[in-house]
Amino acid sequence: MGKNSSTTQKMGFISLILFGINAIIGSGIFLLPSTGMKLFGPASILVLLFDGCLAFFIAMCFAECASYFKESGGAYVYAREAFGRFVGYEVGFVTWAIWIIAEGTMYTAFATALGGIFPNLANPTAKVVIILSLYLALMALNISGVHLATVMQNIVTVGKLVPIFLVILVGLFFIKPVHFDPFFVQKLTTVPNFATAAVTLFYIFSGFERVVITAGEMENVQKNLPKALLISLGTVVVVYILVMVTSIGVLGDRLASSTVPLKDTMQAVAGNFGANLISFGTIVSIGGICLASSFVSPRSGLALAENKMMPQYLTKKNKKNAPYAAIITSSTISMIVACSGSFAVLAQISAVSRFAQFIPTILAVLVFRKKRQQDAGAFRLPGGPVIPILALLASLWLLSHVSLTNLLWGLGALIVAVPFYFLTKKNHA
């Protein structure tokens, strides 16, 4: 990845910030403001602040771990080096599961958005038909070896950012302060509700770990990475809070029952033209992220198989060099996940699954402090063990408020991984 090549263009400070903002702002913000309002009322704005702080603390733990290694690989590498092969294998396996669950969540997001825009499609049968159609189309596209990643990335970036900023810029002029009164809704203001809202909305912050994993591509990592992360996450928090404030201020109580909150906000202030514009942006953005996700998920499984950590069946490729076995396996599981629940439920499961990467990485910081004291060039978190311990306690507290079913869905890959570990142990011994 060019970490020791002088000809490779290193990522500068501004590029890193923009990359971070783009990596974090996804399609969740198009659909989740209504879930925040339903669970915690207008005070869900504070939930976003909590999530932003937790994301920053976890990202800083990733930053310290990344600074100890030249190789890419993220949480899998940190877990393996800190806790041995078995834990490393578990985290590597769960990384693939995280991508699969995220892809399934995006399929459901696409069906939910279409149902919100076209009421005739807002029923369980239509949802399944949309998910199946998307699954078959994306699988066929990937197996055919068509690679649209770069073009799609640009379209998705414009598709998601333009509608978000339009809603903020136009909607802020139509806010009604009465919609924030009361700010704390008595029947909603409970600790379990806060925790449930925090876990579900944490989904919209996922992606920050990708910024840190590119550490080898940055100029002056020690100085730039913490600052860039803080600015990226700070900007994302501000954007999300403005979206939330605008949605609540314009729609009030109606926000809680909206399936497409940004579209409904724009409908209220700019009529059909504004609503159609947001609808188009929503579909382009979510569709594009589905495409990108369907490209990445199989390759995460392929990487495991190539490292002798999964059955060799997954390495099979066709004449176009497309890993068709991994594509079929990955996409089919994603499709089953997508059909299994609503977007809000799958967003929570997707968020939960990521803690299987986050918690080992947080703990790895404390291990590397002792094992790698001699690494002079490593980035060290300020405050000694304070940030990792706060990140760990907050993560465990959030997970303690997740239902057992969603915990099993989110972290079940850790259990599924065990037999695969012993099946492939002789290959990676």
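Since the model is a prediction, treat every value here as computed from it, not as a measurement.

K.L.:
What am I meant to see in the overall build of the chain here?
P.N.:
Regarding its fold elements, the chain presents 16 helices and 0 strands. Buried residues in the chain amount to 54% of all 429 residues. Partitioning the intrachain contacts of the chain with sequence separation of at least 6 by distance along the chain shows that 83% fall at a separation of at least 24.

K.L.:
Looking at this model, I keep getting lost on the packing of aromatic side chains. Mind explaining?
P.N.:
Going through the model one piece at a time under the given rule, you end up with 18 aromatic pairs. Where Phe-202 meets Phe-358, the ring centres are 6.1 Å apart and the plane angle is 75°; that geometry is what we call edge-to-face. Taken as a pair, Phe-202 in helix α9 (residues 191-202) and Phe-358 in helix α14 (residues 343-371) lie far apart in primary sequence, 156 residues in all. A single burial state applies to Phe-202 and to Phe-358, both of which are buried.

K.L.:
How should helix α6 (residues 85-117) be read in this particular structure?
P.N.:
Given 3.6 residues per helical turn, the α-helix brings residues three or four places apart onto the same face. Taking 1.5 Å of rise per residue, the 33 residues of α6 would be expected to cover 48 Å, and the 48 Å separating its terminal C-alpha atoms lies within 8% of that figure. Counting buried residues along α6, 28 of its 33 residues qualify, which places the element largely inside the surrounding structure.

K.L.:
I tried to follow unusual backbone geometry on my own but got confused; where do I start?
P.N.:
Among all residues save glycine, negative phi is the norm, and among peptide bonds the norm is trans. Looking along the chain, the bond that leaves Asp-181 and enters Pro-182 is cis, with omega of 0°. For Pro-182, the position within the fold is in the loop between α8 (149-171) and α9.

K.L.:
I keep staring at the confidence of the model for the chain and nothing clicks. Help me out?
P.N.:
Interpreting fine coordinate detail is not advised for predicted regions of low pLDDT. Per-residue confidence for the chain averages 85 on the pLDDT scale, and 89% of its residues sit at or above 70. Summarising per-element confidence for the chain, the mean pLDDT is lowest in helix α10 (residues 208-213) (70) and highest in helix α15 (residues 386-400) (95). Contacts from residues 1-8, a stretch scored under 50 in pLDDT, to residues over four places away or in other chains number 11 contacts.

K.L.:
When you look at helix α3 (residues 33-40) in this model, what are you seeing that I'm missing?
P.N.:
Among the 8 residues that make up α3, 6 are buried, leaving the element largely enclosed by the rest of the structure. Those residues of α3 that sit buried are Pro-33, Ser-34, Thr-35, Gly-36, Met-37 and Phe-40. Gly-41 occupies a position one or two residues after α3 and carries a positive phi of about 65°.

K.L.:
What is the right way to look at the environment of Phe-202 in this model?
P.N.:
The class for Phe-202 is buried, based on a relative accessible area of 1%. When the C-alpha atoms of Phe-202 and Gly-28 are compared, they prove to be 9.7 Å apart, with 174 residues separating the residues in sequence. In this structure Phe-202 touches Asp-51, Leu-54, Ala-55, Ile-58, Phe-208, Ala-351, Phe-355 and Phe-358, once residues within four positions along its chain are discounted.

K.L.:
Which parts of the structure should I look at to understand the nonpolar core?
P.N.:
Soluble globular proteins tend to bury their nonpolar side chains together. In terms of nonpolar packing, the biggest core is built from 128 residues, with Ile-58, Tyr-78, Ile-164, Phe-202, Phe-205, Tyr-240 and Phe-355 touching the most fellow members. A total of 15 residues in this core trace back to one element, the largest contributor, which is α6.

K.L.:
Looking at this model, I keep getting lost on a nonpolar patch on the surface. Mind explaining?
P.N.:
A cluster of nonpolar side chains, Leu-46, Leu-49 and Phe-184, forms an exposed patch at the surface whose accessible area comes to about 260 Å². Note on placement: Leu-46 falls in helix α4 (residues 44-66). Classification of Leu-46 as partly exposed rests on a relative accessible area of 34%.

K.L.:
Sorry if this is basic, but what is going on with the packing of helix α12 (residues 261-306) against helix α13 (residues 324-339) here?
P.N.:
Helices that pack against each other are described as a pair by the angle of their axes relative to one another and the distance between those axes. Packing of α12 against α13 leaves a shortest axis separation of 8 Å and a crossing angle of 120°. Taken together, the axes of α12 and α13 lie oblique to each other. Crossing handedness for the pair α12 and α13: right-handed. Two secondary-structure elements touch here, α12 through Ser-297, Pro-298 and Leu-302 and α13 through Ala-326, Ile-327 and Ser-330. Residues of the contact of α12 with α13, tallied by class, amount to 4 nonpolar, 2 polar and no charged.

K.L.:
Would you mind going over the pattern of salt bridges with me for this structure?
P.N.:
Charged atoms that come close allow side chains of opposite charge to pair. Across all of its chains, the model carries 2 salt bridges by this definition. For Arg-369, the salt bridge is made with Glu-64, and the minimal N-O distance between the two is 2.8 Å. You can see Arg-369 sitting in helix α14 and its partner Glu-64 sitting in helix α4, a full 305 residues away along the chain. Here Arg-369 falls in the buried class, since its relative accessible area comes to 16%. Look at Glu-64 and you get buried, because its relative accessible area is 0%. The partner of Glu-81 in a salt bridge is Arg-80, with the nearest N and O atoms 3.1 Å apart. Note on Glu-81: relative accessible area 29%, which makes it partly exposed.

K.L.:
I would appreciate a short explanation of the side chain of Asp-51 in the present structure.
P.N.:
On the secondary structure map, Asp-51 appears in helix α4. In this structure Asp-51 is buried but unpaired, with Arg-354 as the nearest side chain of opposite charge at 12 Å. Setting aside residues up to four positions removed in sequence, Asp-51 forms contacts with Ala-197, Ala-198, Leu-201, Phe-202 and Phe-205.

K.L.:
I'm lost on the environment of Leu-399 in this one. Help?
P.N.:
When you line up the elements, Leu-399 lands in helix α15. Here the alpha-carbon distance between Leu-399 and Phe-355, two residues 44 residues apart in the chain, equals 8.6 Å. Residues contacting Leu-399, with those up to four places away along its chain left out, are Val-352, Phe-355, Ile-359 and Leu-407.

K.L.:
Would you explain the side chain of Ser-206 in this entry?
P.N.:
Within the element layout of this structure, Ser-206 appears in the loop between α9 and α10. According to the relative accessible area criterion, Ser-206 is buried, its value standing at 10%. Reaching out from Ser-206, the side chain makes a polar contact with the backbone oxygen of Tyr-203 at a distance of 2.6 Å. Apart from residues no more than four positions distant in its own chain, Ser-206 is found in contact with Ala-23, Ile-24 and Arg-354.

K.L.:
In this structure, what is going on with the state of the cysteines? I would like to understand it.
P.N.:
Linking two cysteines covalently through their sulfur atoms gives a disulfide. Considering all chains together, one arrives at 0 disulfides under this definition. The thiol sulfur of Cys-61 is not disulfide-bonded, and the nearest other cysteine sulfur, from Cys-65, lies at 7.0 Å.

Criteria and cut-off values
- Residues numbered from 1 in each chain as written.
- Predicted model: local features only at pLDDT ≥ 70, side-chain atom pairs only at ≥ 80, totals over all residues.
- Heavy atoms only, no water.
- Helix = DSSP H or I, 4+ residues; strand = E, 2+ residues; numbered from the N terminus.
- Buried < 20%, exposed > 50% of the residue type's maximum accessible area, 1.4 Å probe, protein only.
- Contact = heavy atoms within 4.5 Å.
- Phe/Tyr/Trp six-rings, centres within 6.5 Å; stacked < 30°, edge-to-face > 60°.
- Expected span 1.5 Å × (residues − 1).
- pLDDT = per-residue confidence, 0-100.
- Core = buried A, V, L, I, M, F, W, Y, C linked by side-chain atoms within 4.5 Å.
- Patch = residues over 30% accessible without salt bridge, like charges linked within 9 Å, V, L, I, M, F, W, Y side chains within 5 Å.
- Areas by Shrake-Rupley, 256 points an atom, 1.4 Å probe, with all protein chains shown as cover.
- Salt bridge = Lys/Arg side-chain N within 4 Å of Asp/Glu carboxyl O.
- Axes fitted to C-alpha atoms, helices over the stretch in contact; angles between N-to-C directions.
- Parallel < 35°, antiparallel > 145°, perpendicular 65-115°, else oblique.
- Left-handed = near helix turned anticlockwise from the far one by under 90°.
- Nonpolar A, V, L, I, M, F, W, Y, C, P; charged D, E, K, R; others polar.
- Lys, Arg positive; Asp, Glu negative; His and termini not counted.
- Polar contact = N/O pair within 3.5 Å; in protein donor to acceptor, adjacent residues only side chain to side chain.
- Disulfide = S-S within 2.5 Å.

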